[in-house]
Amino acid sequence: MGKGFYISKAVAVTCVVVAIAAVATIIALSVVYAQEKSKNEAISPPTTSPDTTTITPTTPSTPKEPWQRYRLPDSLAPVSYNVTLWPRLKTNADGLYIFSGHSTVVFTCVKETDLILIHSNRLNLTAFEGYHAKLKGLDGATAPSLKNTWLEVPTQYLVIQLSGPLQAGSKYELFTEFVGELADDLGGFYRSEYFEDGVKKVVATTQMQPTDARKAFPCFDEPAMKAVFHMTLIHPQETVALSNAMNYDPVNITMDGQKLIQTRFEPTEIMSTYLLAFVVCDFAYIGTKPGIRIWARRKAIEEGQGNYALEKTGPILSFFENYYNSSYPLTKSDQIALPDFSAGAMENWGLITYRETALLYNPDVSSNGDKEWVATVISHELAHMWFGNLVTMKWWNDLWLNEGFATYVSYLGANYAEPTWKMKDLIVLNEIVGVMAVDALASSHPLSSKEEDIQMPEHISELFDSITYSKGAAVLRMLSEFITETVFSKGLSTYLEEFKYKNTVYTDLWKHLQMAVDKAGIKLPSSVEVIMNRWILQMGFPVVTIDTKTGKITQKHFLLDPDSVVDRPSEFNYEWFVPITWIKTGVERQQYWLVDKEATNNDMMLNANDWLVANVDMRGFYRVNYDAGNWERLLAKLSSQHKDIPVINRAQIIDDAFNLARAEMVNTTLALRTTKFLNKEVEYMPWQTARNNLDYYFLMFDRSEVYGPMQAYIKRQVSPLFNYFKDLTLNWTKIPESHTDHHCCHPLNSLLSFFKPSRISPNLKSTVYCSAIAAGGVEEWDFAWSMYKNATIASEAEKLMHALSCTKQPWLLNRYLQYCLDPEKIRKQDATITIIYIASNPIGQPLAWDFIRANWNHIFNDYGGGSFSFGGIINGVTKRFSTEFDYKQLLQFKEDNAGQLGSATTALEQALERTKANMNWVAMNKKQVLEWFTSETSSPV
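Residues numbered from 1 in each chain as written. Predicted model: local features only at pLDDT ≥ 70, side-chain atom pairs only at ≥ 80, totals over all residues. Heavy atoms only, no water.

An unreviewed UniProt entry annotates the chain as Aminopeptidase of Lates calcarifer. The record in UniProt for the chain states the following under Subunit (unreviewed entry): "Homodimer." Under the UniProt heading Sequence similarities (unreviewed entry), the entry covering the chain gives this text: "Belongs to the peptidase M1 family." (UniProt positions renumbered as here; feature names shortened; annotations may be inferred.)

Enquirer: Explain the sheet that holds strand β28 (residues 612-614) to me, and be specific about the residues and the numbers.
Expert: Read across the open sheet, the three strands follow the order β26-β25-β28; overall the sheet is antiparallel. The open sheet is flanked by β26 (587-594) and β28, the only strands paired with a single partner. Averaged over all pairs of adjacent strands, the angle between strand axes in this sheet comes to 25 degrees, irrespective of strand direction. Bridge count for strand β25 (residues 578-584) against β26 is six bridges, and the pairing is antiparallel. Bridge pairing links tryptophan 582 to arginine 589 in β26. (Pairing = 2+ DSSP bridges. Helix = DSSP H or I, 4+ residues; strand = E, 2+ residues; numbered from the N terminus. Axes fitted to C-alpha atoms, helices over the stretch in contact; angles between N-to-C directions.)

Enquirer: Give me the lowdown on the UniProt feature "site: Transition state stabilizer" (unreviewed entry) in the chain, citing residues and values where you can.
Expert: The sites that UniProt annotates as "site: Transition state stabilizer" (unreviewed entry) are Tyr469. Along the chain, the position of tyrosine 469 falls in helix α9 (residues 466-483). Judged by its relative accessible area of 5%, tyrosine 469 is buried. (Buried < 20%, exposed > 50% of the residue type's maximum accessible area, 1.4 Å probe, protein only.)

Enquirer: Before we move on, could you go through the side chain of serine 489 and cite the residues and values that matter?
Expert: Here serine 489 lies in helix α10 (residues 485-499). Serine 489 gets classed as buried once you look at its relative accessible area, which sits at 13%. A polar contact is formed between the side chain of serine 489 and the backbone oxygen of threonine 486, at a distance of 2.9 Å. (Polar contact = N/O pair within 3.5 Å; in protein donor to acceptor, adjacent residues only side chain to side chain.)

Enquirer: Would you mind going over the pattern of salt bridges in detail, with residue names and values included?
Expert: Throughout the structure, instances matching the rule amount to 45 salt bridges. A salt bridge links glutamate 193 to arginine 191, with the shortest nitrogen-to-oxygen separation between them at 2.7 Å. What makes glutamate 193 buried here is its relative accessible area of 19%. A salt bridge links glutamate 936 to lysine 676, with the shortest nitrogen-to-oxygen separation between them at 3.4 Å. Taken together, the residues glutamate 936 in helix α27 (residues 905-938) and lysine 676 in the loop between α15 (668-673) and α16 (684-701) connect sequence positions 260 residues apart. By relative accessible area, which is 11% here, glutamate 936 ends up buried. One network of salt bridges, with partners in common, ties together Arg71, Glu222, Lys394 and Glu451. (Salt bridge = Lys/Arg side-chain N within 4 Å of Asp/Glu carboxyl O.)

Enquirer: Can you lay out the state of the cysteines for me, pointing to particular residues and giving the numbers?
Expert: Here the structure, examined in full by the defined rule, presents one disulfide. With its sulfur 2.0 Å from that of its partner, cysteine 770 forms a disulfide with cysteine 806. Around the S-S axis, the bridge from cysteine 770 to cysteine 806 shows a dihedral of about -105 degrees and counts as left-handed. Of this pair, cysteine 770 sits in helix α19 (residues 765-775) while cysteine 806 is found in the loop between α21 (794-803) and α22 (810-819), placing the two residues 36 residues apart along the sequence. As far as the burial class goes, cysteine 770 and cysteine 806 line up, both buried. In this structure cysteine 109 is a free cysteine whose sulfur lies 19 Å from that of cysteine 219, the closest cysteine sulfur available. Cysteine 820 takes part in no disulfide bond, and the closest cysteine sulfur, belonging to cysteine 806, lies 14 Å away. (Disulfide = S-S within 2.5 Å.)

Right, here's the structure in full:
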């Protein structure tokens, strides 16, 4: 080994050309919260042990029976579970990895009933006298005998009909014994594999959210069905067992002639099934008192990859204890990095599971961006320990409150842990700007859905999208801003205290925030509930137009495609209560509330020397348009003294202008003119915003005659920035001190780094690797592939995985696509993002689209129809679509795969809408865009 990734001078020259030609380098699309869940279709159960009797499922088909509904009836309520599981980390005689176990659930009968419905999915249940379970009464109650039992596969129930009724107020105990497959499907109780020193290791681990606890043992698998869990794990010698609670001392036992360990755990707090976790592994850990431990592969821990997570976990927990005014609810906090994990991380109470890239950090190899990701994800998950775990949403229709809140406050926690990083500002780029593009589509959806509209597992999975996470964060940030962060946190504190260990709906939070607002004496135009319902119960957001000649202010539902038809009704007629913060000629003025479709504020009338910027620091979730005169004054101010406008608003002006142009509300050339001041700009946020928006132009025009002049213009604008960072870094020999400077000089710094015969800085690797692969051939690709397969640091493997998609050789891209169907080559957790990376390459996009269409049936059934990574695939592969031919292909794909789209259904509708908008935009703007770039590059600077 010991072979570094070096670049010869010959390749370097080519790389520079490539890099300059693609200054808006491929933006790594991260499917942060995307999960690849298990199949929803019934599969053959695993072979059971010889002494287990299998009952053939039968399914009575009376219409509209309780077992044909996806929601549990309200007749039973679980109290506690006692679960024992034994995962086999070696295959059985049939070549399968399995687990066996038994479970006893104690439940209370709330309403008299002769029916027990309990979730069970892909479990092979043992027969007891011809039935799937045993039932007995507790505390003197008499249990009726079992009449009939069966597995209702479509709704994932074990159905138990009784010969008589259960009595309201009485407690009962249901016992089941079962075998399941420890599959590699990343859902429920599953296996993860890795190699260490050439030896294959198997980990048994879990991912229950949203509906996969039922794959581990029969349970009442809904968030409101909270209970106490007593877990026991049986596992091989030289392995360790972890769960939500702290373990008792392990005991050596012998079962079936095998010497094993039995680990029992303390009872959990009252909690939801989706927050359960258990892991069997031979990992190591580092820890501190009291009870903070970071678990990972032994070599990763030995190399210190868990040190940063350990260093920051304590301070972030302390921050949230102060923020919520509530002590950490548990006695320990385990965090574990898994080789195979579908999401970025999962907030299991007391045992948080992560992808390795989200928890492990190696300063010698990992970049500043990797470090930022680790801090933010840890903060997100720790925020859930109170908001989501201690107090939980009643049903998945309010998932936005859980995830949107954790996304918002994750930036506060990370900001506390890394105060020099400006994390409170970066939420604008990382969350708000991107989700506004999605929410500006007519096919978007409200944050909060009706409970009855979210029933099936695939409906639930579709909710795990950017609207839920990022828009949820944006509107809660806006709320915190206009009632103040102090009042916001006080409302949270009383909310958590009243509802701890219980379930809530969003109006419960509004009530407590209103109490805090009233106590603080804050004046609002209406109640918190009235204001916020307009932001969560209707989709989209407004564009606020300010006429500085008259002071007139109007609002209108902002749609990226002005010709799109909104067929989703809104009780609020797509009007909002809008908190307008604004700056007049450099001075912030009093906030103004726009509560009607239009109003007049005479203070916003300007004379010829004044200028106005609204939505200070993008605190509100809306776009702003102005009269032509104010636009010209803003452009003049950016050109002469751009620092007079706050840095976030410099980014906002660019983003608003480009999106208003796409919506045909301003001229496209006005949007392009907002980039002219960038030759004086050295801050990260305006540059990244411009890069994001110009990326759309690259997507639309990189195969046309527009590309050359556009490339030349961007090179001209970037050159002063390149020279600035060259000086700042003493000719690239010094690392910038500012965190955002690492981001800003990353693509620029790499241009010169090609000439240096030294190892590549971690902050440059992503761009350098990509450019080197693009300039090389099969030899370079195979070398990078070998590096990827042998990488022992997840963040390094991820950079190489992306770089491999940068090749310009179609046959290599096709080979790479085929690798996505082989989990021995590309882990299942990485298949989606790899396909998206390839589609981001102009050469790879049509290949990826052909691949998806040809293999959809296999991909869909192998990764599960409820997987919410499918939406990412559709979005990623169709971003360049802008022709009638593209649109017809999408329609054909929709027709060919009707009923087999799962969580991609909404994404496909968005792709159709986006493609139609792209077609119209290109037809209207191509000529003037070409003329503008040509004019700018032909004129002197």
